[in-house]
Amino acid sequence: MTENAITEPYIRYIADRRCPDGGYCFYRLNEPNVADTFFALDTLRTLGAGTGDPATARWLRTRQQEDGSYQFFGTGYYALLALAALGTPPRHDPLPWIRSAAPALSGAEKPVESESALTRQYLYAHLCRSLGIAVPPQVRSGLLAAVRASRTPDGGYPTLVEAFHAMAICTALGAFPDGKEAAAFLQRCTHPEYGYVNVPGTSPAYLEHVAAGVAAARVLGISPSPAAGTFVLRCLTPSGGFSRSVFGGTATLETTWMAVRTLLLADGREEMQ
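These remarks concern the structure in this document. Here the structure is a predicted model, which is why all the values come from computation and not from measurement.

## A look at helix H10 (residues 207-220)
Over its 14 residues, H10 runs 20 Å from end to end, which matches the ideal 20 Å to within 8%, given 1.5 Å per residue. Most of H10 is tucked away, with 13 of its 14 residues classed as buried. Looking one or two residues beyond H10, the residue adopting positive phi is Gly-221, at roughly 75°.

This is how it looks when you write it as structure tokens:
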């Protein structure tokens, strides 16, 4: 089977979720959102499919307010990365807003239902790195302090997702993580059937856990678990998209983005960002 034959269902799944105004929505109603639009565009980029779409660019640019800000951090994060995937600048300079959106240096709380207390810090560091924006020294110190505070007494992390966030933040800031301790924690999260689990000694795993494990392995320069790719392929649904579980479920643009990227990272065909 050719590479095109393998990836064509993924591309078709994404194309079927494009809305008339150019945005994307995973549940196929005309209710586009910036997150789904980013996941669609970045997956197409990853697969080498065309992403040049003037209507999508126009829709994304209207998400920005006149003062260059965005209503929510997540809106700006995904809108700016999606525009970058299209090679299109935003309507207004977003730098002042990005500077103002830096995570709090202290007193940060874990987002509800989140598997990582470093989610906001990771997204901020990743956005700055992706857009080539220098992180101010005070913010950089705060991000690294948050990473240090996330460590558990045994040298590990609360979850594998948080471990990946910590490693990615350090890498984005040019402060490579302690590879020995991080690799030891990753090994404790390795599972013979799923590839990786979120917490050592637990099961089952979900796609985001396996994705975090593969991405963490690539950051550390080690080979991912061979079971990881098999797990991801078991999440493929008849629609051509991927769900987050081998036990069934609805495919989304986010889980499809995560699955495709993880498959390519596991094969060494995608660079860690």
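## A look at unusual backbone geometry
Across residues other than glycine, the phi torsion is negative in most instances, and most of the peptide bonds are trans. A cis amide bond, omega 0°, links Ser-203 with the succeeding residue Pro-204. You can see Pro-204 is positioned in the loop between strand E2 (195-196) and H10. A positive phi angle is found at Arg-28, which is not glycine, with a value near 65°. Within the secondary structure, Arg-28 is located in the loop between helix H1 (3-15) and helix H2 (34-46).

## A short note on the pattern of salt bridges
All chains considered together, the criterion is met by 8 salt bridges. Taking the shortest distance from any N to any O, the salt bridge between Arg-45 and Asp-42 comes out at 2.9 Å. Linking Arg-45 with Asp-42, this pair stays in helix H2, spanning 3 residues, or about one helical turn. For the salt bridge of Arg-151 with Glu-181, the shortest nitrogen-to-oxygen distance reads 2.6 Å.

How each quantity is defined
Residues numbered from 1 in each chain as written. Predicted model: local features only at pLDDT ≥ 70, side-chain atom pairs only at ≥ 80, totals over all residues. Heavy atoms only, no water. Helix = DSSP H or I, 4+ residues; strand = E, 2+ residues; numbered from the N terminus. Expected span 1.5 Å × (residues − 1). Buried < 20%, exposed > 50% of the residue type's maximum accessible area, 1.4 Å probe, protein only. Salt bridge = Lys/Arg side-chain N within 4 Å of Asp/Glu carboxyl O.

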